[in-house]
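Chains, contacts and geometry: an overview
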Amino acid sequence: MKQKIRCPEYFADFTCIGSDCEDSCCNQWQIYLDRATFENYTRIKDPELRRRIDEFVEPNPKDQTEARFGRINLTDDRKCPFLTTECLCILQKQLGVDSLSQTCLTYPRVFNSFAGMLEGSAEISCPEVARRALLNPGGIRFVERELELDSRFALNNTIKLEEPGDYPLAQYYQPLQDFSISLMQDRRLSLPDRLTVLGMFSSKMQSAIDEGNPIGTPAIIAEFDELRCFDGIAGNLSQIPVNTTRQLQLLKSIVDEKLRRGTGIATFRDCHEQMLAGIGFDRDDQALVRFTAGYHNIYFPFMAKKEYLLENYCVNYLFRTQFPLFDKDWSQIFKAFVHLTLNYALIKFYLIGIGLDLGELNDEAIVKLVYSFGKAIEHDSGFINAILKQLEQKNLLTMAQMAILIRN
Ligand code: SF4
């Protein structure tokens, strides 16, 4: 079915690279089955497929909603049991693409809709998406295309202008998103400055929402549009105090929490080991000295030439999550900003450690870290929510704390 869609340019040409993929999505993740697919699998007669279905497919014991009615359990080596030795899907090979579950069919694509226009984006946890999205020096460009789309693709979220319902800010969605993305792509400012301005903007918007005054939104957008064009803005932002000791403490405590919950994904564990080897928390009491040197001698010089890598990460994130929504909720714009900031700060933290371990940073290391971070952290919504709750309980959900995480 041909459909008009607004999407990043890379999305329009994306194709899965299948058996050439270095970290297939068919490994290490629990795979959920929608009810229709689960029921179709119970009717399959082919003896080999039947054997695998009987052994590995079962109703989902935790959540029997339509989308997650069943699940495919992984083999002992944490692979999908339907993968062939050439890393191809045996179900798709024998029964065609229609046999795939909605999850398998849709991933890594993410579809949202606003005012009847479909928005297509993609998960950065797919290595091929990470390469296409990040490694573009010109930045992510958005296009409108007529694309052939499978009618079974899952729709993540819908915002209707005529029935705003849970979305009282729906009329401002487009200006809010356009402003956020154009700010994130404004290369007159450094990326940490862009994030800081986005934080100040989100904080002001949050106050307007809390006071029940969303009609002030266009004026707030205009105010921050003027602010980012102000010649002295970088000088003013450079007065914000840097606190690397506190930054390292906060990020280390978040990473320790992730370790307690299990890192799960093998490539992320590799990156984690590299980061630990580079910063050397357990080696002596010089971790802060090494971290600071790693930032100034490796991370900063690399990003001075290739800041577009993390700009593209942030832009992809803002579009995919329908910023300013936080988990589909309009009333939490500051939390939406905090979530992006945590991801940015953790990626920077890992890259400093990995850079120290390798003695340099390069595109390959960054792509690997970002897609494995996507798999291990972005897809672990329970972990992110637990961190946000902890920060809230300690009164750390503030712009001052976010500036500490952003700025070095
Ligand atoms: S992670 Fe991406 S490229 Fe790799 S197998 Fe999955 S969809 Fe294809």
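The structure displayed is predicted, hence computed values, not measured ones.

1. Some words on the packing of helix 6 (residues 127-134) against helix 16 (residues 363-378)
Contact geometry for helix 6 and helix 16: axes closest at 9 Å, N-to-C directions at 125 degrees. Of the possible angle classes, the one that applies to helix 6 and helix 16 is oblique. Viewed along their axes, helix 6 and helix 16 form a crossing whose handedness is right-handed. Each of Pro127, Ala130, Arg131 and Leu134 in helix 6 lies in contact with helix 16, whose residues at this interface are Ile366, Val367, Val370 and Tyr371. Here the residues of the contact of helix 6 with helix 16 are counted per class, giving seven nonpolar, no polar and one charged.

2. Some details on the domain arrangement of the chain
Parsing the chain into structural domains produces domain 1 (26-106) and domain 2 (237-406). Here the C-alpha centroids of domain 1 and domain 2 sit 34 Å apart.

3. Description of the sheet that holds strand 8 (residues 155-159)
Judged by pairing direction, the sheet is mixed, and its five strands sit side by side in the order 7-1-6-5-8 without closing on themselves. The open sheet has two free edges, formed respectively by strand 7 (142-148) and strand 8, since each of these has just one partner strand. The sheet shows a mean angle of 30 degrees between the axes of neighbouring strands, direction not considered. Each of strand 1 (2-8), strand 5 (109-114) and strand 6 (117-122) touches helix 14 (residues 308-320); the most contacted strand, strand 6, lies at about 140 degrees to it.

4. Some remarks on the sheet that holds strand 4 (residues 70-72)
The sheet built from three strands is open, its strands ordered 2-4-3 with antiparallel pairing. Among the strands making up the open sheet, the edge pair consists of strand 2 (31-33) and strand 3 (57-59). Adjacent strand axes in the sheet meet at a mean angle of 30 degrees when their direction is disregarded.

5. Focus: the environment of glutamine 102
The topology assignment puts glutamine 102 in helix 5 (residues 102-106). The spacing of glutamine 102 and glycine 382 is 280 residues in sequence and 22 Å in space, taken between C-alpha atoms. In this structure glutamine 102 touches Asp34, Ala67, Arg152 and Ala154, once residues within four positions along its chain are discounted.

Scoring rules and cut-offs
Residues numbered from 1 in each chain as written. Predicted model: local features only at pLDDT ≥ 70, side-chain atom pairs only at ≥ 80, totals over all residues. Axes fitted to C-alpha atoms, helices over the stretch in contact; angles between N-to-C directions. Helix = DSSP H or I, 4+ residues; strand = E, 2+ residues; numbered from the N terminus. Parallel < 35°, antiparallel > 145°, perpendicular 65-115°, else oblique. Left-handed = near helix turned anticlockwise from the far one by under 90°. Contact = placed C-beta atoms within 7 Å. Nonpolar A, V, L, I, M, F, W, Y, C, P; charged D, E, K, R; others polar. Domains from an automatic or database assignment. Pairing = 2+ DSSP bridges.

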